[in-house]
Amino acid sequence: MAKVVGSVVATQKDSSLVGRKLMIVQPINADGKAMRAQEVAADMVGAGIGERVLLARGAGARHATVNNVANDVNDCSIVGIIDTVDV
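Every value quoted in this text rests on a predicted model; they were computed, and no experiment measured them.

Undergrad: In this structure, what is going on with the side chain of Asp-43? I would like to understand it.
TA: Here Asp-43 shows up in strand β3 (residues 39–43). Under the relative-accessibility criterion, Asp-43 is labelled buried at 7%. A polar side-chain atom of Asp-43 sits 3.0 Å from the main-chain amide nitrogen of Val-45. At 2.7 Å, the side chain of Asp-43 and the backbone nitrogen of Ala-47 are in polar contact. With near-sequence residues (within four places) excluded, Asp-43 lies in contact with Lys-21, Met-23 and Ile-78.

The following block contains the structure:
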């Protein structure tokens, strides 16, 4: 889980990232407290700043974004927007 805290604009980037919205996410625990460092994730679901989201990393992130995963540089994708968390 993570919270979207900002966005990134990059005019020069790998061709596999063209057309993707890049967001800065802060990984959080179930209580909403920050864990680890912030990172950049490709947004696949239209998340906005301040929303809690689900992340996929590695091969899962690449499969969420394109069919040709062999040439994709993405390693972190936002794949869901969290409505509630029951702990």
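On we go.
Undergrad: What should I look at first to understand unusual backbone geometry in this one?
TA: Apart from glycine, the bulk of residues carry a negative phi angle, and the bulk of peptide bonds sit in the trans form. Although it is not a glycine, Arg-36 adopts a positive phi angle of roughly 55°. Take Arg-36: it is sitting in the loop between β2 (21–27) and β3. With a relative accessible area of 56%, Arg-36 lands in the exposed category.

Each value, and the rule that gives it
- Residues numbered from 1 in each chain as written.
- Predicted model: local features only at pLDDT ≥ 70, side-chain atom pairs only at ≥ 80, totals over all residues.
- Heavy atoms only, no water.
- Helix = DSSP H or I, 4+ residues; strand = E, 2+ residues; numbered from the N terminus.
- Buried < 20%, exposed > 50% of the residue type's maximum accessible area, 1.4 Å probe, protein only.
- Polar contact = N/O pair within 3.5 Å; in protein donor to acceptor, adjacent residues only side chain to side chain.
- Contact = heavy atoms within 4.5 Å.

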